[in-house]
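Take a look at the letters that make up each chain.
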Amino acid sequence: MTRTDQHPIAAIATAAGRGAVGIVRISGQGLRPWAEHWLGQNLRARHAHYLPFPDADGQPIDQGLALFFPAPHSYTGEDVLELQAHGGPIVLQMLLARCLQTAAAADPATGQAWLPQLRLAEPGEFTRRAFLNDKMDLAQAEAVADLIDASTESAARSASRSLSGAFSQAIEALREGFIHLRMLVEATLDFPEEDVDFLQAADARGQLAALRQQLDAVVQRARQGALLREGLHIVIAGQPNAGKSSLLNALAGAELAIVTPIAGTTRDKVEQTIQIDGVPLHIIDTAGLRESDDLVEQIGVQRAWQALEQAQAVLFLHDGTQATDADYRARDAAILTQLEQRISPAIPIVHIWNKADLAPDLALESAPASDAQPARPALSLSAKTGQGLDALRHTLLQLAGHETVAEDVFMARSRHLQALAEVDAHLSQAQAQIDSSAPALDLLAEELRLAQLALNRITGEFGADDLLGVIFSSFCIGK
């Protein structure tokens, strides 16, 4: 869809499958004459009309509610007609097909088609039109999808705050600060003989410091929102029979993975998303890491290493009953060396000694430091009895960088964090110019301009069409 596409669109707006109620949504300019002709009734704005939806022979496809929202007071800013019928998939498909057929028919009075090429909506096109018609900014439009996809209550609340404009208001406050400071600096460029005194008198340094402090607060809230949206991918690794599957089951509170005393029971990775304090954590159980002549187990070990290379954190599980076995410790050390060679040093590795119920006298020691990883204290737990699980949950939240979810956290995405990082980088350069004994005001003005452009991308004040296409393509069809 392009910015000039004015064709009316239609789609089924409710999820696929059977339901008590299903909705067909139509948006475009000049819908009222077509809708009233087809439905045979005058439509009052924002009023529910109970009536039949006739087919080509005048027989009712179904009976339901028709609601008409005239432009610009609608979701998209265009005329919107919503038809609420019984939620059977066939009924809704018939109703959608009838809408397309009726719109293509000619008006007996004029001989012209009722609507110009009513077509099926593309993914996210209703919300995209709302954005293009200034019904919401880009951050709010993304929050629509985030609210639908929210996997926790905290994520839903944060997405709702973004949809109501909390994130956009924070960005707008920053933008106003940039505009004021840019106005000051660019005005000073007209008086080069007074530039330093003028900047000092206007407290440009203080204004920039205040902007950086304000930006830090927004970044902190956005990071927490991004965590609520995306969660953290954590992989459990270790030798066979260390209790990896038992740990996954204990954290999930369900028997997801098969557990037996036989080493090598897990042949493929098993993934489950859990919630801790509203934060989604994607826990992945993997096959035990060892050399094997079994082809199936070899494939499982290969997939385990692939999962580890994509992990954001690793739980390295050790068998507490084997803590004094030199050969076992040597195999653990070899796995750790290989692991540190395969993953980034920034990926944390937490060492966990399992089966504490069978090894109550286990003396914990910090995992040894290496070139890739600093020394880390070990955790002791029993996946069987639950001993130590609360300490592990607390550690997982620390790995995720989670803080107590505040009421002012708003939903954010990776692209928002990237834009805010660009803003921070340009402000650092601007700070260097202001702190210089001979500040170059043209460079200072340029850094502030670039910082504002990066900020504008968040709400869509400035954005390329290809960026908009990527964002809205991930939406569901009827939204």
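Residues numbered from 1 in each chain as written. Predicted model: local features only at pLDDT ≥ 70, side-chain atom pairs only at ≥ 80, totals over all residues. Heavy atoms only, no water.

Caption draft 1: Structural view of the pairing of strand β9 (residues 279-285). By the criterion of burial, β9 is predominantly enclosed, with 7 of the 7 residues buried. Neither face of β9 is open: one carries Val279, Leu281, Ile283 and Asp285, the other Pro280, His282 and Ile284, and all of them are buried. Here strand β7 (residues 232-238) pairs with β9 via 5 bridges, running parallel. Residue Ile236 lies in a different strand from β9, and its bridge partner there is Asp285. Where strand β8 (residues 270-276) lies against β9, 7 bridges are found, and the strand directions are antiparallel. Across the sheet, the residue bridging to Glu271 is Ile284, located in β9. (Buried < 20%, exposed > 50% of the residue type's maximum accessible area, 1.4 Å probe, protein only. Helix = DSSP H or I, 4+ residues; strand = E, 2+ residues; numbered from the N terminus. Pairing = 2+ DSSP bridges.)

Caption draft 2: Representation of the pairing of strand β11 (residues 349-354) in the model. Here β11 lies mainly inside the structure; 6 of its 6 residues are buried. Of the two faces of β11, the one holding Ile349, His351 and Trp353 and the one holding Val350, Ile352 and Asn354 are both buried throughout. Direction of pairing for strand β10 (residues 313-319) relative to β11: parallel, over a ladder of 6 bridges. The residue of β11 that forms the bridge with His318 is Trp353. What joins β10 to β11 is helix α11 (residues 326-342), and the crossover it makes is right-handed. (Right-handed = clockwise from strand over helix to strand, strands pointing away.)

Caption draft 3: Looking closely at helix α12 (residues 389-400). When the terminal C-alpha atoms of α12 are compared, their 17 Å separation across 12 residues agrees well with the 16 Å that a helix rising 1.5 Å per residue should span. Listed in full, the buried residues belonging to α12 are Leu389, Leu392, Thr395, Leu396, Leu397 and Ala400. Directly after α12, the chain includes Gly401, whose backbone phi takes a positive value near 75°. (Expected span 1.5 Å × (residues − 1).)

Caption draft 4: Main features of the sheet that holds strand β12 (residues 379-380). Ordered in space as β8-β9-β7-β10-β11-β12, the 6 strands form an open sheet in which the pairing is mixed. Bordering the open sheet on either side are β8 and β12, each of which pairs with just one other strand.

Caption draft 5: Spotlight on the packing of helix α10 (residues 295-309) against α11. Relative orientation of the contacting elements α10 and α11 amounts to 50°, with a least axis distance of 10 Å. Between α10 and α11, the angle is such that the two are oblique. Two packed elements cross with a definite hand, and for α10 against α11 that hand is right-handed. Mapping the contact onto sequence places Trp305, Leu308 and Glu309 in α10 and Ile335, Gln338, Leu339 and Arg342 in α11. Looking at the contact of α10 with α11 residue by residue, the class counts come to 4 nonpolar, 1 polar and 2 charged. (Axes fitted to C-alpha atoms, helices over the stretch in contact; angles between N-to-C directions. Parallel < 35°, antiparallel > 145°, perpendicular 65-115°, else oblique. Left-handed = near helix turned anticlockwise from the far one by under 90°. Contact = heavy atoms within 4.5 Å. Nonpolar A, V, L, I, M, F, W, Y, C, P; charged D, E, K, R; others polar.)

Caption draft 6: Highlighting the nonpolar core. Ranked by internal contacts, the top residues of the largest apolar core, which has 33 residues, are Ile234, Leu247, Leu281, Ile283, Leu315, Ile352 and Leu392. Per-element tally for this core: the top contributor is α12, with 5 residues. Both domains that meet at this core, namely domain 2 (153-227 + 413-460) and domain 3 (231-400), each give it at least three residues. If we ignore the near neighbours within four places in the chain, the residues touching Leu392 are Leu247, Leu251, Leu315, Ile352, Leu379 and Leu381. Grouped together as the second largest cluster of nonpolar side chains are 32 residues, Phe178, Leu211, Val219 and Leu420 included. (Core = buried A, V, L, I, M, F, W, Y, C linked by side-chain atoms within 4.5 Å. Domains from an automatic or database assignment.)

Caption draft 7: Main features of the pattern of salt bridges. This structure, assessed with the given rule, holds 17 salt bridges. Close ionic contact of Glu78 with Arg129 constitutes a salt bridge, the shortest N to O distance being 3.1 Å. With Glu78 in the loop between β4 (60-69) and β5 (79-87) and Arg129 in helix α3 (residues 125-132), this pair connects stretches of sequence that are 51 residues apart. Both residues of the pair, Glu78 and Arg129, belong to the buried class. Where Arg129 meets Glu125, a salt bridge forms, and the shortest distance between an N and an O atom there is 3.4 Å. In this pair, Arg129 and Glu125 are both assigned in helix α3, 4 residues apart and thus about one turn of the helix distant. In this pair, the class of Arg129 matches that of Glu125, namely buried. Each of Glu78, Arg119, Glu125 and Arg129 takes part in one network of salt bridges that share partners. (Salt bridge = Lys/Arg side-chain N within 4 Å of Asp/Glu carboxyl O.)

Caption draft 8: Inspection of the side chain of Gln433 at higher detail. Along the chain, Gln433 turns up in helix α13 (residues 414-435). For Gln433, a relative accessible area of 18% gives the class buried. Contact partners of Gln433, with chain neighbours within four places excluded, come to Pro439, Ala440, Leu443 and Leu444.

Caption draft 9: Here's a closer look at the packing of aromatic side chains. This structure, assessed with the given rule, holds 2 aromatic pairs. Between the aromatic rings of Trp34 and Trp38, the centroid separation amounts to 5.8 Å while the plane-to-plane angle is 20°, which identifies the pairing as stacked. Linking Trp34 with Trp38, this pair stays in helix α1 (residues 31-39), spanning 4 residues, or about one helical turn. Each member of the pair, Trp34 together with Trp38, is buried. Pairing Phe167 with Phe410 gives two aromatic rings, centres 4.5 Å apart and planes at 20°, and the pair type is stacked. (Phe/Tyr/Trp six-rings, centres within 6.5 Å; stacked < 30°, edge-to-face > 60°.)

Caption draft 10: Representation of the sheet that holds β4. One open sheet holds the 6 strands; their spatial order is β3-β4-β5-β2-β1-β6, and the pairing between them is mixed. Each edge of the open sheet is held by one strand with a lone partner, namely β3 (49-54) and β6 (119-120). Here α3 sits on the sheet in contact with β1 (9-12), β2 (19-28) and β6, set at roughly 135° to β1.

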